[in-house]
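Chain by chain, the residues run as shown.
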Amino acid sequence: MSKLTTQILKDCRSHFDEIVSIRRDIHMYPETGFDVHRTAGIVAKQLEDSGLKVRVGVGQTGVVGDINVVGATKRIALRADMDALPMQELGTPDYKSRIKGKAHMCGHDAHTAMLIGAAKIISKLKNELKTNVRFIFQPSEEQFPGGAAAMIQDGVLDSVDQIYGLHVWPLLETSQFAICPGPAFGQPDVFEINIKGKGGHAAFPHLTTDPISVSSQFVSMLQSIVSRNIDGLESAVVSVTQFHGGTANNVIPEAVKLSGTVRTLKKEVQVKVRHRLEELLAGVTNAHGATYDLSYQEGYPVTYNHQPCITKVLSIAEEIVDSDKVLYPYPPILGGEDFGYYSQKVPACFILVGAGNQDRGIVNMCHDPRFDIDEECLIYGMAMHVGLVIN
């Protein structure tokens, strides 16, 4: 470990208690979507107190802080998301969510706190910097169409040469990093389908066109798309997650509503899956004399990690922790992440930061109602952010 990295880790540890306090405060008062006014206010004040040039109301409710270095011609951007999920927290930490039906079950409170901590450290090193730095705090990562697109529209990528983001990952132990080469997070499409038949008495099904029977066959047929239409070396998931129909046990309903998701890592695979889904839907409804309405919404673009940025991240990660704790290449993930919008515009890398601790029972995945992090991971996340700028 170099003298510089040793100093970075020392600085991160010196801010640890303060950053934990900020993280827990945000955790207790979660906000969703673009309604992140309280969180954005905390961020803006912390950045202003650190001497950064701050803009608020970016992409509706985002916050941007800049450090401009005299003579610098390049700009690096670091991004954190601020929003929580519309779900109930079931864990029992002292800092459990105080807001019913809202909870930071994906770690965005940690992302925000880590980037605040990094900004505090980097601001004190301004005279040593060779690049301009932009700190991006984004709303509404969890809700399509996402806050990234709105922030890009408001100019957050103007003059940015590279952008980096972190995500806490409880499947990895604290002090581990993981980096996926190329496509890292998938495109999360969603679909809603109404299959319409002819209702009637359940004792006389021959006088009806049963949409439950048709829908059930369609759900079963969907399972063949990935197994029989997509190359086994490619990645794709088709999941039906909702199936609604009927009001009584002796009535065949008029219609059934289905919804679900398609996850892919490549555009050509996404196109094939969508086309095959529509073919199967048309075929099964036509065969039974039913009709359908389909709404298909393409989700966030694939989050893509660019090789020059990966190389930089790997060199920094191997300075911060032992090389055997840097997992590369890490397999891609079919979860969606609107960091993909940034990665489609400028060279980027999205980094997974270990946040699990099996000995303490911190093992639940993001979006689990019992999700939590080993807060020691905040040190490593801050160190990565600072290392990316200083190096």
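Note: the structure precedes this text.
Residues numbered from 1 in each chain as written. Predicted model: local features only at pLDDT ≥ 70, side-chain atom pairs only at ≥ 80, totals over all residues. Heavy atoms only, no water.

Participant: Sorry, what's going on with the side chain of T209 here?
Facilitator: Structurally, the position occupied by T209 is in the loop between β9 (200-201) and α6 (211-229). For T209, a relative accessible area of 18% corresponds to the buried category. Aside from chain neighbours lying at most four places away, what touches T209 is G197, K198, H288, G289 and A290. (Helix = DSSP H or I, 4+ residues; strand = E, 2+ residues; numbered from the N terminus. Buried < 20%, exposed > 50% of the residue type's maximum accessible area, 1.4 Å probe, protein only. Contact = heavy atoms within 4.5 Å.)

Participant: It is not clear to me how the pattern of salt bridges should be interpreted in this structure. Could you clarify?
Facilitator: Note that side chains of opposite charge can pair when their charged atoms are close. According to the stated counting rule, one finds 20 salt bridges in the structure shown. Residue E298 pairs with R274 through a salt bridge whose shortest N-O separation is 3.3 Å. Here the residue E298 occupies a position in the loop between β13 (291-297) and β14 (303-305), and R274 occupies one in helix α7 (residues 267-288), the gap between them amounting to 24 residues. Here R274 falls in the partly exposed class, since its relative accessible area comes to 25%. Three or more residues are tied together by salt bridges with common partners; here these are R23, R24, D109, D372 and E375. (Salt bridge = Lys/Arg side-chain N within 4 Å of Asp/Glu carboxyl O.)

Participant: Just to check I follow, could you spell out the nonpolar core for this structure?
Facilitator: Burial of nonpolar side chains together is a common tendency in soluble globular proteins. I122, F135, F137, Y342, I351 and M384 are the most contacted members of the largest nonpolar core, which has 100 residues in total. Setting aside chain neighbours within four positions, we find Y342 in contact with R79, I136, Q138, A148, M151, I152, V156, L157 and I163. Core analysis: the next-biggest nonpolar cluster, separate from the first, contains 22 residues, V214, I225, A236 and L258 among them. (Core = buried A, V, L, I, M, F, W, Y, C linked by side-chain atoms within 4.5 Å.)

Participant: It is not clear to me how the packing of helix α3 (residues 37-49) against helix α4 (residues 108-123) should be interpreted in this structure. Could you clarify?
Facilitator: Helices that pack against each other are described as a pair by the angle of their axes relative to one another and the distance between those axes. In the contact formed by α3 and α4, the axes pass within 9 Å of each other and the chain directions differ by 10°. When the axes of α3 and α4 are compared, the pair comes out roughly parallel. In this structure, α3 meets α4 at a crossing whose hand is right-handed. Residues V43, Q46 and L47 of α3 pack against T112, I116, A119 and K120 of α4. Taken together, the residues of the contact of α3 with α4 break down into 4 nonpolar, 2 polar and 1 charged. (Axes fitted to C-alpha atoms, helices over the stretch in contact; angles between N-to-C directions. Parallel < 35°, antiparallel > 145°, perpendicular 65-115°, else oblique. Left-handed = near helix turned anticlockwise from the far one by under 90°. Nonpolar A, V, L, I, M, F, W, Y, C, P; charged D, E, K, R; others polar.)

Participant: Would you mind going over the sheet that holds strand β8 (residues 187-196) with me for this structure?
Facilitator: Backbone hydrogen bonds hold the strands of a sheet together, and the pairing may be parallel or antiparallel. The strand order across the open sheet formed by 4 strands is β10-β12-β8-β13, and the pairing between neighbours is antiparallel. Every other strand in the sheet has two partners, leaving β10 (236-245) and β13 as the edge strands with one partner each. Across this sheet, the average inter-strand angle for adjacent strands is 15°, counted without regard to direction. Taken together, the 9 bridges between β10 and strand β12 (residues 255-264) define a ladder with antiparallel strand orientation. Along β12, the bridge assignment pairs G245 with V256. Each of β8, β10 and β12 is contacted by α6, which is oriented at about 170° to β10, the strand it contacts most. Contacts between α7 and the sheet are confined to β8, β10, β12 and β13, with β13 contributing the most and set at about 165° to the helix. (Pairing = 2+ DSSP bridges.)

Participant: Is there a simple way to explain the sheet that holds strand β15 (residues 326-327) in this structure?
Facilitator: Pairing in this open sheet of 8 strands is mixed, and the strands run β1-β2-β4-β3-β5-β16-β6-β15 from one edge to the other. Of all the strands in the sheet, just β1 (53-58) and β15 have a single pairing partner and so form its edges. One ladder, built from 7 bridges, connects strand β3 (residues 75-81) with strand β4 (residues 132-138); its direction is parallel. For A80, the partnering residue across the bridge sits in β4 and is F137. Against the sheet, α3 contacts β1, β2 (62-67) and β4, and its axis sits at roughly 10° relative to β2. Strand contacts of helix α10 (residues 377-390): β3, β4, β5 (162-173), β6 (177-178) and β16 (348-356), with the helix running at about 160° to β16, the strand carrying the most contacts.

Participant: What is the right way to read the packing of aromatic side chains from this model?
Facilitator: Both the distance between ring centres and the angle between the ring planes are used here to describe each pair of aromatic rings. Enumeration according to the criterion identifies 6 aromatic pairs in this entry. Measuring from centroid to centroid gives 6.1 Å for W169 and F185, while their planes differ by 75°, and the two rings are edge-to-face. Placement of W169 in strand β5 and of F185 in strand β7 (residues 182-185) is noted, with a sequence separation of 16 residues between them. Here W169 matches F185 in class, with each residue buried. Seen from their ring centres, F185 and F350 are 5.4 Å apart, and the 90° between their planes marks the pair as edge-to-face. Separated by 165 residues along the polypeptide, F185 in strand β7 and F350 in strand β16 bring together distant segments of the chain. The exposure class of F350 is buried, given its relative accessible area of 2%. (Phe/Tyr/Trp six-rings, centres within 6.5 Å; stacked < 30°, edge-to-face > 60°.)

Participant: Looking at this model, I keep getting lost on the side chain of H108. Mind explaining?
Facilitator: Position of H108 relative to the elements: it lies in helix α4. The buried category is assigned to H108, whose relative accessible area is 1%. A polar contact is formed between the side chain of H108 and the side chain of D81, at a distance of 3.2 Å. With residues near it in sequence (within four places) discarded, H108 still touches D81, M82, D83, E141, E142 and H167. (Polar contact = N/O pair within 3.5 Å; in protein donor to acceptor, adjacent residues only side chain to side chain.)

Participant: Would you take a moment to explain unusual backbone geometry for this structure?
Facilitator: Phi is mostly negative for residues that are not glycine, and the peptide bonds are mostly trans. Residue P145 follows F144 across a cis peptide bond; omega there is 10°. Mapped onto the fold, P145 is located in the loop between β4 and α5 (147-153). In this structure, S175 takes a positive phi of about 85° despite not being glycine. Counting through the fold element by element, S175 comes out in the loop between β5 and β6.

Participant: Teacher, can you tell me more about the state of the cysteines here?
Facilitator: Think of a disulfide as a covalent bridge from one cysteine sulfur atom to another cysteine sulfur atom. Evaluation of the coordinates by the stated rule reveals 0 disulfides. Between C106, a free cysteine, and C366, which holds the nearest cysteine sulfur, the sulfur-to-sulfur gap is 4.3 Å. Free cysteine C349: the closest other cysteine sulfur is in C309, separated by 6.5 Å. (Disulfide = S-S within 2.5 Å.)

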